[in-house]
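Architecture and fold: a report
In case you want the letters, here they are:
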Amino acid sequence: DLWQRLRNGFSMPGLNNELVLKHQQWYLSHPEYLRRVVERSRPYIHHIVEELEKRGMPNELALLPIVESAFNPTANSPARASGLWQFIPSTGKRFELKQNWWHDQRRDIVASTEAALEYLQTIYEMHGDWHLALASYNWGEGAVQRAIQKNAAKGLPTDYSSLTMPEETRQYVPKLIALKNIFSSADTLAELRIPVVPNRAFFATIAPKKPIDVRLAAQFAGMSVEEFVKLNPSHNRPVISPQSTLVIPADRLESFQQRLDSHNAPLSSWQLYTTKSAERLDKLAPRFGI
């Protein structure tokens, strides 16, 4: 049971205030929402827990995508944040998440998780406090640092609860602590009928090394295109570039590799063409029958 493993790694300080209680009551009174989000998390959360444990980070952070994106890997915000971890373009670039014509790694399950945990670890080391690190993840580390300095100059406490911050950030940490409190109790999860998630890897990765159509890759994986895209949401085109890594259900990796190796026809129905100086699109189109 992954939830038991998750609980075993909870190590973040609690937070006792009315906001935590408010969000906890909301989640408890909306069990259908929690069940829906947990089902959506199923392909991703084991990988996140594994990565947290490798780094010695609190397992509570595996619940952060519930707050950020409701575990929707294609979620977009009005501030142009994208993916499970809701990276804005500039922060994505800072943590080397490629955003180009081919794909947007802010939506890549593996790459975005690595970047998010690296970012969270960096801001934790800056503040030495997980609540301040989470506030920085939401509001920006510069803004949190200025709020700390402002309080220090006035002789006021500089902990998370004492800072003046935007309403969204004020609610942000209590939401995560509320989720931690709920997932800390096996009895509560049973009462809410939260589905059990097996404590095993859901997916594995493979590099195709050649351009491959999304449709064909899904076929090799024995999945619908929709299911395949949920595991590989970063691709902007119907053809996947050879530099990309594919995410495949772990129990289908061997059969995927066999189908890939035995496929004698082209892997892509698309052809890349680099235009030469002064070439016109109206002249090129007939050459390719389009």
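These notes cover the structure that comes with them. Computed from a predicted model, the values in this text were never measured in an experiment. (Residues numbered from 1 in each chain as written. Predicted model: local features only at pLDDT ≥ 70, side-chain atom pairs only at ≥ 80, totals over all residues. Heavy atoms only, no water.)

Let's shift gears to the overall build of the protein. The secondary structure content of the protein amounts to 15 helices and four strands. Referenced to the eigenvectors of the C-alpha coordinate spread, the extents of the protein come out at roughly 70 × 50 × 30 Å. Burial analysis of the protein (290 residues in total) assigns 49% to the buried set. A separation of at least 24 residues holds for 68% of the contacts in the protein among residues at least 6 apart in sequence. (Helix = DSSP H or I, 4+ residues; strand = E, 2+ residues; numbered from the N terminus. Buried < 20%, exposed > 50% of the residue type's maximum accessible area, 1.4 Å probe, protein only. Contact = heavy atoms within 4.5 Å.)

To continue, consider unusual backbone geometry. Phi angles above zero are rare outside glycine, and Gln86 is one such case at about 55 degrees. For Gln86, the location among the structural elements is in the loop between α5 (64-69) and α6 (89-94). For Lys209, which is not glycine, the phi dihedral falls at a positive 70 degrees.

Tallying each qualifying case throughout the model produces 12 salt bridges. Linking Arg5 and Glu50 is a salt bridge whose minimum nitrogen-to-oxygen distance equals 2.7 Å. With Arg5 in helix α1 (residues 2-8) and Glu50 in helix α4 (residues 45-55), this pair connects stretches of sequence that are 45 residues apart. The closest approach of N and O atoms between Asp282 and Arg280, which form a salt bridge, is 2.7 Å. By sharing partners, the salt bridges in this structure join Arg5, Glu50 and Glu53 into a single network. (Salt bridge = Lys/Arg side-chain N within 4 Å of Asp/Glu carboxyl O.)

Listed in full, the buried residues belonging to helix α3 (residues 31-41) are Pro31, Tyr33, Leu34, Val37, Val38 and Ser41. Projection of α3 onto a plane perpendicular to its axis shows the buried side chains occupying an angular sector of 155 degrees, all on one side. Looking at the buried side of α3, the elements it contacts are α1, α2 (18-29), α4, α5 and α10 (167-183). (Arc of directions from axis to C-beta.)

This part is about the nonpolar core. Ranked by size, the top nonpolar core spans 82 residues in total, and within it Trp85, Leu120, Tyr137, Phe183 and Phe228 carry the most contacts. Those residues within four positions of Phe183 in sequence are excluded, and the remaining contacts are Trp3, Leu6, Arg7, Phe10, Val38, Leu63 and Leu189. (Core = buried A, V, L, I, M, F, W, Y, C linked by side-chain atoms within 4.5 Å.)

Here we take up the environment of Ser241. Within the fold, Ser241 resides in the loop between β3 (239-240) and β4 (246-249). A relative accessible area of 4% means that Ser241 is categorised as buried.

We now examine the packing of aromatic side chains. Counted by the stated rule, this structure contains nine aromatic pairs. Arranged with centres 5.2 Å apart and planes meeting at 90 degrees, the rings of Trp101 and Trp102 form a pair that is edge-to-face. For the pair Phe220 and Phe256, a centre-to-centre distance of 5.9 Å together with 75 degrees between the ring planes defines the contact as edge-to-face. Here Phe220 is found in helix α12 (residues 214-220), whereas its partner Phe256 is found in helix α14 (residues 253-262), with 36 residues between them in sequence. The residues Phe220 and Phe256 share a single accessibility class, namely buried. Here the aromatic residues Trp26, Tyr27 and Tyr33 are joined through ring pairs into a cluster of three or more. (Phe/Tyr/Trp six-rings, centres within 6.5 Å; stacked < 30°, edge-to-face > 60°.)

Along the chain, His47 turns up in helix α4. Judged by relative accessible area, which is 16%, His47 ranks as buried.

Take the environment of Lys209 next. Following the sequence through the fold, Lys209 ends up in the loop between β1 (203-206) and β2 (212-213). Sequence separation of Lys209 and Ser241 is 32 residues, and the distance between their C-alpha atoms is 8.3 Å.

The next point concerns the pairing of β4. Every second residue of β4 is oriented toward a common face, with Leu246 and Ile248 on one face and Val247 and Pro249 on the other, all of them buried. With four bridges connecting them, β1 and β4 associate as antiparallel partners. Bridging from a neighbouring strand, Ile206 pairs with Leu246 of β4. (Pairing = 2+ DSSP bridges.)

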